[in-house]
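# Structure at a glance
Next come the chains, spelled out residue by residue.
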Amino acid sequence: MAYLANIGLEIHAQLRTHTKAFCACPNRSGAPPNTALCPTCTGQPGALPVLNAQAVRLAVTAGLALGCTIHPRSTFARKHYFYPDLPKGYQITQFRYPLCTGGCVTFEDKDGAHKQVPLQRIHLEEDAGQLLHDHTPGVSAIDFNRSGIPLIEIVTEPTLQDADDTVAFLKHLRETLLYLEICDGKMQEGSFRCDVNISLRPDAQAPFGTRTELKNMNSFRFIHDAICYEIQRQSDLLARGQTLPQQTRTWDPHTQRSLPLRSKEQAPDYRYFPEPDLPPLQLPPNLLQSITLPELPLAKRQRFAQAYKLPPEDIATLCAQRELADYFEACAAQAPSPKSASNWIRRDLLHALQASSSPFPPPNLPPTHLAQLLWMLHDSKLSTPQAQTLQSLLLEEGGEPEEVRLAHNLRLLDDDESLRQTIAHILAEHPQTAARLREGEQKLLGFFMGLARKHTQGRANMKRLKELLQEAITRRGL
Amino acid sequence: MIPAPPIWTLSRSCEKLAAGHITSEALTEAYLARIKAFDGQLHCVLRCTEERALGDARASDQRRAQGALLSPLDGIPIALKDLLITQGIETTAGSRILAGYRPPYQGTIARRLEEAGTVLLGKLNMDAFAMGSSNEHSGFGPCHNPWALERVPGGSSGGAAAAVSAALCAGAIGTDTGGSIRQPAAFCGVTGLRPTYGRVSRYGMIAFASSLDQAGPIAHDVKSCALLLQAIAGHDPRDATSVDLPPPSLPPDTQESLRGLRIGIPEEYFVEGSDPQVLRAVQQAIATLEAYGARSVKLSLPTTSLAVATYVILATAEASSNLARYDGIRYGAPPPDLAASLEAFTTRHRSAGFGDETTRRILLGTFVLSRDTIAAYLDKAQSARIAIQEDFAQAFSQCDLLATPTTPTPAFWAGTRTQHPLQMALADLFTTPSSLANLPGLSLPCGHSEDNLPIGLQLLAPPFAEDTLLRVGAFYQAHTDWHLRRPPYPPAPFAPKRLSPPAEPASTGAS
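What you see is a predicted model; the values in this text were computed from it and never measured. (Residues numbered from 1 in each chain as written. Chains lettered and ligands numbered in written order. Predicted model: local features only at pLDDT ≥ 70, side-chain atom pairs only at ≥ 80, totals over all residues. Heavy atoms only, no water.)

## Notes on the overall build of chain A
- Assigned secondary structure in chain A consists of 15 helices and 17 strands.
- Computed over C-alpha atoms, the radius of gyration of chain A comes to 30 Å, more than 25% over the 23 Å expected from 2.2 N^0.38 for 478 residues, which places it beyond the range of a compact globule.
- Its C-alpha atoms give chain A principal-axis dimensions of about 100 × 55 × 50 Å.
- For chain A, buried positions account for 50% of its 478 residues.
- When contacts within chain A are restricted to residue pairs at least 6 apart in sequence, those whose partners lie at least 24 apart make up 68%.
- Of the roughly 22700 Å² that chain A leaves accessible, carbon and sulfur atoms contribute 52%. (Helix = DSSP H or I, 4+ residues; strand = E, 2+ residues; numbered from the N terminus. Rg over C-alpha atoms; globule rule 2.2 N^0.38 Å. Buried < 20%, exposed > 50% of the residue type's maximum accessible area, 1.4 Å probe, protein only. Contact = heavy atoms within 4.5 Å. Areas by Shrake-Rupley, 256 points an atom, 1.4 Å probe, with all protein chains shown as cover.)

Here is the structure:
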């Protein structure tokens with residue numbers, strides 16, 4: 001019997017604020033352990049939280065982008081449990097009156113069809129510290145740098161039904177948060193992670209089945225594998241007439257299985273109650289109007305397809321990062337054609353940046369300058385290898401492209417005299433092949449073009465050379 | 001003859017310093033000598049910061065010589081209830097679980113008093129985590145009432161009230177959640193002010209019940225309390241619940257009369273069950289105010305009977321939450337051996353460190369917040385709290401302030417209520433309702449029992465109307481002298497030059 005799966009997600013995304021949610025400690029990844037601390041985020045006696053306004057702004061931005069109702073008034077609550085990485089013994093979160101409710105996310109599934117996932121809520125909360133079990137042998141070490149970092153928790157309705165859709169949705173959501181500059185989406189570092197709740201039922205009319213929760217998943221591959229495994233595991237149990245306990249499980253990628261963490265009887269009572277140290281959050285009256293949303297991924301991709309007529313693979317690469325898409329557009333506006341800009345950026349520019357581990361966007365090569373370089377190619381002022389050299393020079397030192405080109409003498413061998421000399425030389429070097437070309441084996445043109453290129457170190461104006469070569473072989477005596 | 005310096009009120013000491021009659025160093029040495037001589041019997045002081053105090057005092061005298069005073073309180077020796085965080089100076093909240101805790105940061109109150117140029121004499125005894133009404137639940141031994149050593153000084157600011165009463169400091173800062181400034185002030189015959197919730201920053205005040213805790217001054221008279229309040233009150237960006245209002249002004253030096261003042265007398269505070277001597281003394285005090293033009297208005301506060309239950313539920317719930325951080329991992333007095341499992345480690349640490357009363361309240365608070373009971377207890381208590389607030393608001397539409405006894409009885413005998421937590425809680429019967437309503441409250445000495453035990457008059461005002469309390473309190477004290485009476489212990493007078501203990505053994509001085 002095939003069961004219908006219902007998958008609901010709780011996504012935790014770290015917000016890119018300058019400081020933590022409730023104190024002025026810096027919000028920076030990669031700092032040495034326990035160097036971004038203060039009385040508040042280490043839960044010292046007598047310390048108090050103060051709400052970070054930037055965190056509120058980013059959370060509201062997320063809510064607006066995802067179609068939520070933004071509540072002008074929301075409250076904070078304490079969620080209690082004991083764990084070494086939770087310094088106060090409770091987490092400050094939002095419970096009864098969250099910042100956002102409702103909302104809906106449209107994403108493209110793997111076949112390109114549009115699907116929707118309704119959201120339940122988005123709320124603000126703080127992250128806990130990090131336990132490191134491998135740092136020092138024999139002990140678990142705690143790093144409180146992460147304690148107090150602001151998070152938004154995004155809760156979906158359990159309408160997703162399979163692993164493919166779930167991953168497609170999550171990728172889209174992550175990309176959206178990147179576009180909004182709310183979250184850096186670094187899943188390995190833990191800034192975007194997800195609890196997955198899965199239950200099965202015989203059909204859509206049946207009530208929801210018992211739920212399994214997979215906690216703290218931070219890899220799309222693991223999420224996909226775990227969901228497939230869980231659906232199979234639960235189907236097998238149900239088919240055998242067994243009941244499922246409501247459980248929290250963890251995914252073990254090494255054995256490719258999920259393992260139980262705790263069952264409902266052991267599920268903690270979090271004793272939620274309103275946070276007395278923080279007054280209710282009343283949004284400033286102009287906050288919503290002051291937020292302009294950037295164009296979001298789906299809309300951008302559709303517009304690129306229509307406006308630039310680029311194929312899907314091009315669009316996928318260019319739109320993966322908002323900065324890249326913006327760079328492309330600025331360049332395409334002045335380049336010989338959008339496709340030329342797309343090709344060069346995707347292949348030559350990105351390749352060069354990756355090779356030298358340089359950041360994007362390149363500070364020394366604005367998109368308008370790249371457009372000029374593309375025109376040079378278009379007008380055959382230089383060859384492709386020369387253009388790549390010019391790009392490297394510009395990336396390194398900047399400057400006006402035309403000036404740099406001339407300063408480094410990057411130009412095609414353009415005068416007919418030099419070209420004819422080259423042609424004469426290569427034809428003389430390969431008399432038999434030349435003869436066959438004269439006889440009519442047109443495909444040997446390519447062979448001689450290659451020789452000419454090598455002979456001139458790529459500096460020959462190949463267009464003109466081809467014309468002259470054609471002339472040369474039709475004229476007898478050369 | 002000039003009375004010995006420590007017998008001066010804090011405000012008088014300010015005048016003496018300003019007039020050059022004494023230096024801060026001499027004043028400080030006198031208090032340090034008294035602490036050495038008498039605190040052995042009283043046990044008000046958990047930690048005397050002698051070197052720090054003398055350094056503060058000398059610095060103050062230098063500033064005075066250069067005409068660069070920091071505030072009207074520059075050079076005044078004060079002490080802080082050990083609930084208040086002092087950077088680098090052991091702060092325990094009166095509990096063994098924080099024995100040896102040296103805070104890595106400075107609390108706002110300690111910082112403001114430092115910036116005002118006061119002299120820090122030390123940290124004062126208290127019921128652990130401010131949970132108690134007798135100072136008998138201190139993790140470091142009880143404190144004794146200078147009026148009768150076998151009686152309690154009250155709590156949880158017992159050490160602060162007793163220290164002021166015994167003139168071991170010029171003034172003190174205590175804290176009040178359900179009455180912990182006012183009740184010990186009444187028991188020890190001194191003046192204590194609980195400010196409106198939000199007046200004084202709670203950053204650096206170890207939390208007991210976050211929506212009820214407030215720090216406030218304890219001193220001999222109203223003017224001294226007002227001076228201390230001015231130094232510590234005011235908005236603090238580190239406390240999101242602190243209000244942005246300027247501190248209340250000092251009471252006027254002279255007032256003609258109290259004509260126009262309406263004093264509400266809530267009948268629920270004058271029922272049988274209180275000690276008749278208390279009722280008589282308070283009624284006499286009210287009559288005094290009426291003699292100077294005030295008019296009393298009889299009214300009713302029907303929600304009074306809800307207050308103790310409401311308070312117990314809300315305060316213990318918040319306390320169980322605020323004390324969750326004491327897991328022994330980042331700070332705290334560790335248990336003698338580290339257990340293998342995390343759960344065992346935390347359990348042993350908390351069981352060893354928390355005393356009985358603290359444990360009792362954590363258990364009760366946890367129960368009240370549990371999934372199955374929260375609606376019946378916490379939610380109901382929150383509704384009751386709102387009803388209590390509305391009740392007071394109604395009453396204040398008919399009067400400018402309320403007058404009640406501070407406590408139902410004078411100081412009780414030590415050891416008589418420790419086995420009866422509910423009895424103990426009833427000591428706060430008259431102070432908890434106003435705490436729940438976020439009102440400011442002032443306790444003034446207004447009489448003595450036949451056993452020569454102090455009796456306190458409580459004045460309550462609408463939120464942020466401390467000016468009224470201070471004005472009326474100062475007027476009362478200008479026309480009475482209860483606040484100037486000295487307790488039998490320590491024996492007086494005590495001449496400033498003699499720094500060794502007095503010739504008579506201390507025990508003959510006690511009553």
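## Regarding the pairing of strand 8 (residues 295-299) of chain B
Residues and elements named next belong to chain B.
- Relative to strand 8, strand 7 (residues 262-266) is paired through five bridges, and the arrangement is parallel. Bridging from a neighbouring strand, Arg262 pairs with Arg295 of strand 8.
- For the crossover from strand 7 across helix 8 (residues 276-291) to strand 8, the handedness is right-handed. (Pairing = 2+ DSSP bridges. Right-handed = clockwise from strand over helix to strand, strands pointing away.)

## Remarks on the environment of Ala319 of chain B
All names here are of chain B.
- Inspection of the secondary structure assignment puts Ala319 in helix 9 (residues 307-322).
- Overall, Ala319 belongs to the buried group, its relative accessible area being 0%.
- Along the backbone, Ala319 and Arg361 are 42 residues apart, and their C-alpha atoms lie at a distance of 7.3 Å.
- Beyond its immediate stretch of four places on either side in the chain, Ala319 contacts Met131 and Phe208.

## Thoughts on the environment of Gln232 of chain A
- Mapped onto the elements of the fold, Gln232 of chain A is located in helix 3 (residues 220-239).
- Relative accessible area serves as the criterion here: at 47%, Gln232 of chain A is assigned to the partly exposed category.

## Observations regarding the interface of chain A and chain B
- Listed as interface residues are 33 residues of chain A and, on the opposing side, 40 residues of chain B.
- Each partner contributes to the roughly 2700 Å² buried at the junction of chain A and chain B, and carbon and sulfur atoms together form 58% of this total.
- The largest contributions to the chain A side of the interface with chain B come from Pro45, Leu48 and Phe82 of chain A, which together make up 21% of the buried area.
- Inspection of the region where chain A meets chain B yields two salt bridges.
- Ionic pairing is found between Arg202 of chain B and Asp277 of chain A, a salt bridge with its closest N-O pair at 2.9 Å.
- Across the contact surface, chain A and chain B share 17 residue pairs in polar contact (both at pLDDT 80 or more).
- Counting only elements with at least two residues in the side of chain A that touches chain B, the list comes to strand 4 (77-80) and strand 16 (273-274) of chain A.
- Among the residues making up the side of chain A that touches chain B, the classes are represented as 20 nonpolar, seven polar and six charged. (Buried area = accessible area lost by both parts, 1.4 Å probe. Salt bridge = Lys/Arg side-chain N within 4 Å of Asp/Glu carboxyl O. Polar contact = N/O pair within 3.5 Å; in protein donor to acceptor, adjacent residues only side chain to side chain. Nonpolar A, V, L, I, M, F, W, Y, C, P; charged D, E, K, R; others polar.)

## What about the confidence of the model for chain B?
- The pLDDT averaged across chain B works out to 92; a share of 94% of its residues lies at or above 70.
- Scored below 50 in pLDDT, residues 494-511 of chain B shows 22 contacts in the model against residues more than four places distant or in partner chains. (pLDDT = per-residue confidence, 0-100.)

## A closer look at the side chain of Gln458 of chain B
All names here are of chain B.
- Take Gln458: it is sitting in strand 11 (residues 454-460).
- Taking the relative accessible area as the measure of exposure, Gln458 reaches 0% and is therefore buried.
- For Gln458, the side chain forms a polar contact with the side chain of Arg182, separated by 2.8 Å.
- Within the local environment of Gln458, its side chain forms a polar contact with the backbone oxygen of Phe430, the two atoms lying 3.0 Å apart.
- Aside from chain neighbours lying at most four places away, what touches Gln458 is Arg182, Leu402, Ala403, Thr404, Pro405, Thr406, Phe430, Thr431, Ser434, Leu442 and Ser443.

## Focus: a nonpolar patch on the surface
All names here are of chain B.
- Where nonpolar side chains cluster on the molecular surface, the patch consists of Leu364, Phe367 and Tyr377 and spans about 260 Å² of accessible area.
- In this structure, Tyr377 sits in helix 12 (residues 375-396).
- Tyr377 sits in the partly exposed class, given a relative accessible area of 34%. (Patch = residues over 30% accessible without salt bridge, like charges linked within 9 Å, V, L, I, M, F, W, Y side chains within 5 Å.)

## Quick word on the packing of helix 12 (residues 416-429) of chain A against helix 15 (residues 462-474) of chain A
Residues and elements named next belong to chain A.
- Remark: helix 12 packs on helix 15, axes separated minimally by 10 Å, with the N-to-C direction vectors making an angle of 55°. By the angle between their directions, the pair helix 12 and helix 15 is classed as oblique. Crossing of helix 12 against helix 15: the hand is right-handed. Of helix 15, the residues touching helix 12 (which contributes Asp416, Leu419, Arg420, Ile423 and Leu427) are Arg464, Leu465, Leu468, Leu469, Glu471 and Ala472.
- The class makeup of the residues in the contact of helix 12 with helix 15 is seven nonpolar, no polar and four charged. (Axes fitted to C-alpha atoms, helices over the stretch in contact; angles between N-to-C directions. Parallel < 35°, antiparallel > 145°, perpendicular 65-115°, else oblique. Left-handed = near helix turned anticlockwise from the far one by under 90°.)

## Some remarks on the nonpolar core
- Phe129 and Phe392 of chain B are the most contacted members of the largest nonpolar core, which has 144 residues in total.
- Not counting residues within four places of it along the chain, the set of residues in contact with Phe392 of chain B comprises Tyr269, Leu301, Leu402, Pro433, Ser434, Ala437, Leu439 and Leu460 of chain B. (Core = buried A, V, L, I, M, F, W, Y, C linked by side-chain atoms within 4.5 Å.)

## Some details on the sheet that holds strand 16 of chain A
- Taken in spatial order, the three strands line up as 5-4-16 (chain A) in an open sheet, and their pairing is antiparallel. Unpaired on one side and paired on the other, strand 5 (90-93) and strand 16 of chain A mark the two borders of the sheet.

## Here's the deal with the environment of Leu281 of chain A
All names here are of chain A.
- Locating Leu281 in the fold gives a position in strand 17 (residues 281-282).
- Separated by 208 residues in the primary sequence, Leu281 and Arg73 have C-alpha atoms spaced 5.5 Å apart.
- Those residues in contact with Leu281, other than ones at most four positions away along the chain, are Leu51, Val56, Pro72, Arg73, Ser74, Phe76 and Leu99.

## A closer look at the sheet that holds strand 6 (residues 214-219) of chain B
Residues and elements named next belong to chain B.
- One open sheet holds the eleven strands; their spatial order is 1-3-2-4-6-5-10-11-9-7-8, and the pairing between them is mixed. The open sheet has two edge strands, strand 1 (45-48) and strand 8, and neither has a second partner. Across the sheet, the axes of successive neighbouring strands diverge by a mean angle of 30°, strand direction being ignored.
- Contacting strand 1, strand 2 (77-81) and strand 3 (119-124), helix 2 (residues 24-42) crosses the sheet at an angle of about 20° to strand 3.
- Its contacts with the sheet place helix 4 (residues 108-115) against strand 2, strand 4 (171-176) and strand 6, and it is angled at close to 175° to strand 2.

## A closer look at the side chain of Gln386 of chain A
- Mapped onto the elements of the fold, Gln386 of chain A is located in helix 10 (residues 384-397).
- Leaving out residues up to four positions away in the same chain, Gln386 of chain A has contacts with Leu410, Arg411, Leu412, Gly458 and Arg459 of chain A.

## Describing the packing of aromatic side chains
Residues and elements named next belong to chain B.
- Applying the stated criterion across every chain yields a total of 22 aromatic pairs over all chains.
- Relative to Tyr489, the ring of Phe38 has its centre 5.7 Å away and its plane inclined at 85°; by these criteria the two rings are edge-to-face. Of this pair, Phe38 sits in helix 2 while Tyr489 sits in the loop between helix 15 (466-478) and helix 16 (506-509), placing them 451 residues apart in sequence.
- Consider the rings of Tyr326 and Tyr331, whose centres lie 6.0 Å apart with planes at 70°: the pair is edge-to-face. Neither residue differs from the other here; Tyr326 and Tyr331 are each classed as buried.
- Chaining the aromatic ring pairs together yields one cluster made of Tyr101, Phe129, Tyr326, Tyr331 and Phe354. (Phe/Tyr/Trp six-rings, centres within 6.5 Å; stacked < 30°, edge-to-face > 60°.)

## A word on the pattern of salt bridges
- Tallied over the entire structure, the rule returns 48 salt bridges over all chains.
- The salt bridge partner of Glu295 of chain A is Arg303 of chain A, with a shortest N-O separation of 2.7 Å.
- For Glu295 of chain A, a relative accessible area of 26% translates into the label partly exposed.
- When the shortest N-O distance is used, the salt bridge between Arg485 of chain B and Asp481 of chain B registers 3.5 Å.
- Exposure remark for Arg485 of chain B: the relative accessible area of 33% places this residue in the partly exposed category.
- Through salt bridges with shared partners, one network takes in Arg78, Glu275 and Asp277 of chain A together with Arg202 and Asp239 of chain B.

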